[in-house]
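The chain contents come next:
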2 protein chains.
Amino acid sequence: MSSAAYRVVGDWGTSRLRLFRQEGERTVDRVEGPGVGMLDGLAPAQALRDALAPWRRDGDPQRIVLCGMAGARIGLAEAPYADCPAGVAEWSTRARHLELDGIPVAIAAGLACVRDDGCPDVMRGEETQVFGALRLAPELARGARLLALPGTHGKWVRLDDGRVQSFRTFPSGELYALLRDRSTLTRVSEDDAGEDEGFADGSARARSGDGLLGGLFHARAAQLRAGRTRGWARGYLSGLVLGHEVREAMHDQPAGTPVTLVGDPGLCARYAALLSDAGHAPALLDGDACASAGLHLLEDALPWT
Amino acid sequence: MSSAAYRVVGDWGTSRLRLFRQEGERTVDRVEGPGVGMLDGLAPAQALRDALAPWRRDGDPQRIVLCGMAGARIGLAEAPYADCPAGVAEWSTRARHLELDGIPVAIAAGLACVRDDGCPDVMRGEETQVFGALRLAPELARGARLLALPGTHGKWVRLDDGRVQSFRTFPSGELYALLRDRSTLTRVSEDDAGEDEGFADGSARARSGDGLLGGLFHARAAQLRAGRTRGWARGYLSGLVLGHEVREAMHDQPAGTPVTLVGDPGLCARYAALLSDAGHAPALLDGDACASAGLHLLEDALPWT
């Protein structure tokens, strides 16, 4: 381990903590730790100390920049939300500043919006990927764009000339995990084959215009009456839920709005296929690269003393 | 306890067993036991013996008639499905006959259908309530009718001249329980007030034509940003899910189709309000009374020797 001057940037979500050690422009090391929702009574500050301990043997970092659930009520310290419409300036000035054992720490603000239907919505962490995407792909700052960040709580973000206008959350990842692991819908067969065919069947069902709720039980009935496997049922439920997300999210978008997917490449490929089936041609950006770019953008924008 | 000759009829579902002791036309006692899905490794036959033990001290019943998951693969003995269209005759002849310690036992067949969209569907237990409803309310045997049996796996049953034509399952009760107990959507506030207002808001959202998936996260965002309670969020999710069930189930029904709700009176009252908001005027039948009538109908129809 080098003893050079270093900074730490990181994404602390509900399910995991990822910290990156920066020396100059280079990322020289990374560590992982438990998410904010996985601390089991451990104080967030102590969890962060535990994760940083190997690096601190050679000296403390100059500063730490965190995004995500680190700024939630249950996180390290509650950071505010920046209200939409918001660009980098509004977002970065609302970061929360504190110290950990004398080390300056900044926690990124989340974003909040009130949609056209009057409903509030929130994000913590995805905004860092969105602003990072704008740095990596400057063409996204021109005109009206839709950014989709699929995941546990997937976000569909409307950009106008590089500012976040509003967004909508689809908790598809959370719903799918509940259906897969906790429901009776997959518990008939014990054969895990057939997942890809199931995904295709579920997404076709979503495209048919049929409702989501009335499509769910088919995962179970097809095992009982049509010889389908548990693997098929899992794929079917995934295709059904993700297909409905794409359908609902694109429903009120002006025709021709360019769509960019930001996230895990494997998951984004599935959404790209669903969008393509619906007549769209999305661009793809790697979520980790966007998060990293957003954290550096925030670090650069903040007034470190 | 009387030592008179008696029979036992019962409904053995996933979550509970309910047995009724019959002497002549009268129900003189009842006992409860664990559902087929709650046996934790206990053999179903032993669970049934345990529940019957108090009555058997004075002698064995003449016979036992069971419906529901008693006939599932994980139940007492697998009973077949009768294929729709099916009336009482097709259903009763497919009952499974066996003996328990020398006592004749009949387990009601389930019903299976293939809907217009080519998808199979199944029920076990609700068919007994449907045929019981036809006995209690003979006008249901005239023309085209829709029977709704809300619950964990709610069934919407199309009757034509007293025969079950087809049906569709909406796993609304199971989905709602997962969202309420296992998701992050209700876990912000710790205040249980406001459930009725939440139900009204959720059902209004369902009526608005907005998708189900995009409506879910509002349960969480409204706690974070609009001062809503956990109680409100639970009510909202219930209204949203049940409202979507009614909307999807009625979507392709011919205008003017009479609807009858069969089930728990409190739950049916909620569905009646949702149907009424959508311009329908459903009749209501008590689910326990229909199950009992259906079990007696089956007992009468079977060839006991």
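These numbers come from a predicted model, not from an experiment.

Cut-off values and rules
Residues numbered from 1 in each chain as written. Chains lettered and ligands numbered in written order. Predicted model: local features only at pLDDT ≥ 70, side-chain atom pairs only at ≥ 80, totals over all residues. Helix = DSSP H or I, 4+ residues; strand = E, 2+ residues; numbered from the N terminus. Rg over C-alpha atoms; globule rule 2.2 N^0.38 Å. Buried ≥ 20, exposed ≤ 12 C-beta atoms within 10 Å, placed from the backbone. Contact = placed C-beta atoms within 7 Å. Pairing = 2+ DSSP bridges. Axes fitted to C-alpha atoms, helices over the stretch in contact; angles between N-to-C directions. Parallel < 35°, antiparallel > 145°, perpendicular 65-115°, else oblique. Least-squares fit on C-alpha atoms with pLDDT ≥ 70 in both. Core = buried A, V, L, I, M, F, W, Y, C linked by C-beta atoms within 7 Å. Domains from an automatic or database assignment. Nonpolar A, V, L, I, M, F, W, Y, C, P; charged D, E, K, R; others polar.

Peer 1: Please give an account of the overall build of chain A that cites residues and values.
Peer 2: Counting its secondary structure elements, chain A contains 10 helices and 14 strands. Taking 2.2 N^0.38 as the reference for a compact globule, 305 residues should give roughly 19 Å; the C-alpha atoms of chain A span a radius of gyration of 21 Å, in line with that estimate. C-alpha atoms of chain A, sized along the principal axes, occupy 65 × 45 × 35 Å. Residues counted as buried form 49% of the 305 residues belonging to chain A. Taking contacts inside chain A between residues at least 6 apart in sequence as the whole, the part at least 24 apart equals 64%.

Peer 1: Summarise the sheet that holds strand 11 (residues 154-160) of chain B; cite the residues concerned and give the values.
Peer 2: All names here are of chain B. Taken in spatial order, the 5 strands of this open sheet run 12-11-10-13-14, and their pairing is mixed. At either margin of the open sheet sits one strand with a lone partner, and together these are strand 12 (163-170) and strand 14 (283-286). Going from strand to strand, the sheet's axes swing by 20° on average, the running direction of each strand aside. Both strand 10 (residues 144-149) and strand 11 contribute to a ladder of 6 bridges, which runs antiparallel. Bridge pairing in strand 11 places Leu146 opposite Arg158.

Peer 1: Tell me what's going on with the packing of helix 3 (residues 126-136) of chain B against helix 10 (residues 287-301) of chain B, and back it up with residues and numbers.
Peer 2: All names here are of chain B. One way to put it is that helix 3 packs onto helix 10 with a least axis distance of 7 Å and a crossing angle of 90°. Relative to helix 10, the element helix 3 lies roughly perpendicular. Contacts between helix 3 and helix 10 involve Thr128, Gln129, Phe131, Gly132, Ala133, Arg135 and Leu136 from the first element and Gly287, Ala289, Cys290, Ala291, Ser292, Ala293, Gly294, Leu295, Leu297 and Leu298 from the second.

Peer 1: Before we move on, could you go through the relation of the copies chain A and chain B and cite the residues and values that matter?
Peer 2: Under the fitted operation, chain A is carried onto chain B by 0.0 Å of movement along the axis and a turn of 180°, and the coordinates agree to an RMSD of 0.0 Å. The two molecules are tied by a two-fold rotation axis, judged by turn and shift. When the interface residues of chain A are mapped onto chain B, 97% of them again lie at the interface, so the same face is used by both copies.

Peer 1: Now, about the nonpolar core: what can you tell me, with residues and values included?
Peer 2: Leu66 of chain A together with Leu66 of chain B are the most contacted members of the largest nonpolar core, which totals 170 residues. Not counting residues within four places of it along the chain, the set of residues in contact with Leu66 of chain A comprises Gly10, Trp12, Leu76, Val105, Ile107 and Ala108 of chain A.

Peer 1: Please provide a residue-by-residue account of the domain arrangement of chain A, values included.
Peer 2: All names here are of chain A. Parsing chain A into structural domains produces domain 1 (1-110) and domain 2 (125-305). Its C-alpha centre places domain 1 at a distance of 26 Å from the equivalent point of domain 2. Between domain 1 and domain 2, the residue contacts involve 21 residues of the former and 19 residues of the latter. Taken together, the residues that form the side of domain 1 that touches domain 2 break down as 14 nonpolar, 5 polar and 2 charged.

Peer 1: Describe the environment of Arg96 of chain A, listing the residues and the values that go with them.
Peer 2: Residues and elements named next belong to chain A. Mapped onto the elements of the fold, Arg96 is located in strand 6 (residues 96-100). Classification of Arg96 as partly exposed rests on a count of 18 C-beta atoms within 10 Å. Ignoring anything within four residues of it in the chain, the contact list for Arg96 reads Gly71, Ala77, Ala79, Pro80 and Ile107.

Peer 1: So what's going on with helix 3 (residues 126-136) of chain A? Residues and values would help.
Peer 2: Counting buried positions along helix 3 of chain A gives 9 out of 11 residues, so the element sits mostly inside the fold. Buried within helix 3 of chain A are the following residues: Glu126, Glu127, Thr128, Gln129, Val130, Phe131, Gly132, Ala133 and Leu134 of chain A.

Peer 1: Tell me about the pairing of strand 2 (residues 16-23) of chain B, and please be specific about residues and values.
Peer 2: Residues and elements named next belong to chain B. Pairing analysis gives 6 bridges linking strand 1 (residues 7-12) to strand 2, with the strands arranged antiparallel. For Trp12, the partnering residue across the bridge sits in strand 2 and is Leu17. From the end of strand 1 to the start of strand 2, which pair antiparallel, there are 3 residues. Here strand 2 hands over to strand 3 (residues 26-34) after 2 residues, with Gly24 in that stretch at a positive phi of 60°.

Peer 1: Go over the interface of chain A and chain B with me, naming the residues and quoting the values.
Peer 2: Many authors give the size of an interface as the accessible area that is lost as the parts come together. Between chain A and chain B, the residue contacts involve 33 residues of the former and 32 residues of the latter. Secondary structure elements with two or more residues in the side of chain A that touches chain B: strand 9 (120-123), strand 12 (163-170), helix 4 (172-182), helix 6 (213-216), helix 7 (218-225) and helix 8 (230-251) of chain A. With 5 residues, helix 7 of chain A is the single largest residue contributor to the side of chain A that touches chain B. Residue composition of the side of chain A that touches chain B, by class: 17 nonpolar, 9 polar and 7 charged.

Peer 1: Which residues make up unusual backbone geometry, and what are the values?
Peer 2: Residue and element names in this part refer to chain A. Across the junction of Cys84 and Pro85, the peptide omega takes the value 0°, indicating a cis bond. With respect to the helices and strands, the residue Pro85 is situated in the loop between strand 5 (81-83) and helix 2 (88-93). Phi at Asp40 is positive, roughly 55°, even though this residue is not glycine. Structurally, Asp40 can be placed in the loop between strand 3 (26-34) and helix 1 (44-56). The class of Asp40 is exposed, set by 7 C-beta atoms lying within 10 Å. One non-glycine residue with positive phi stands out, namely Asp161, at about 50°.

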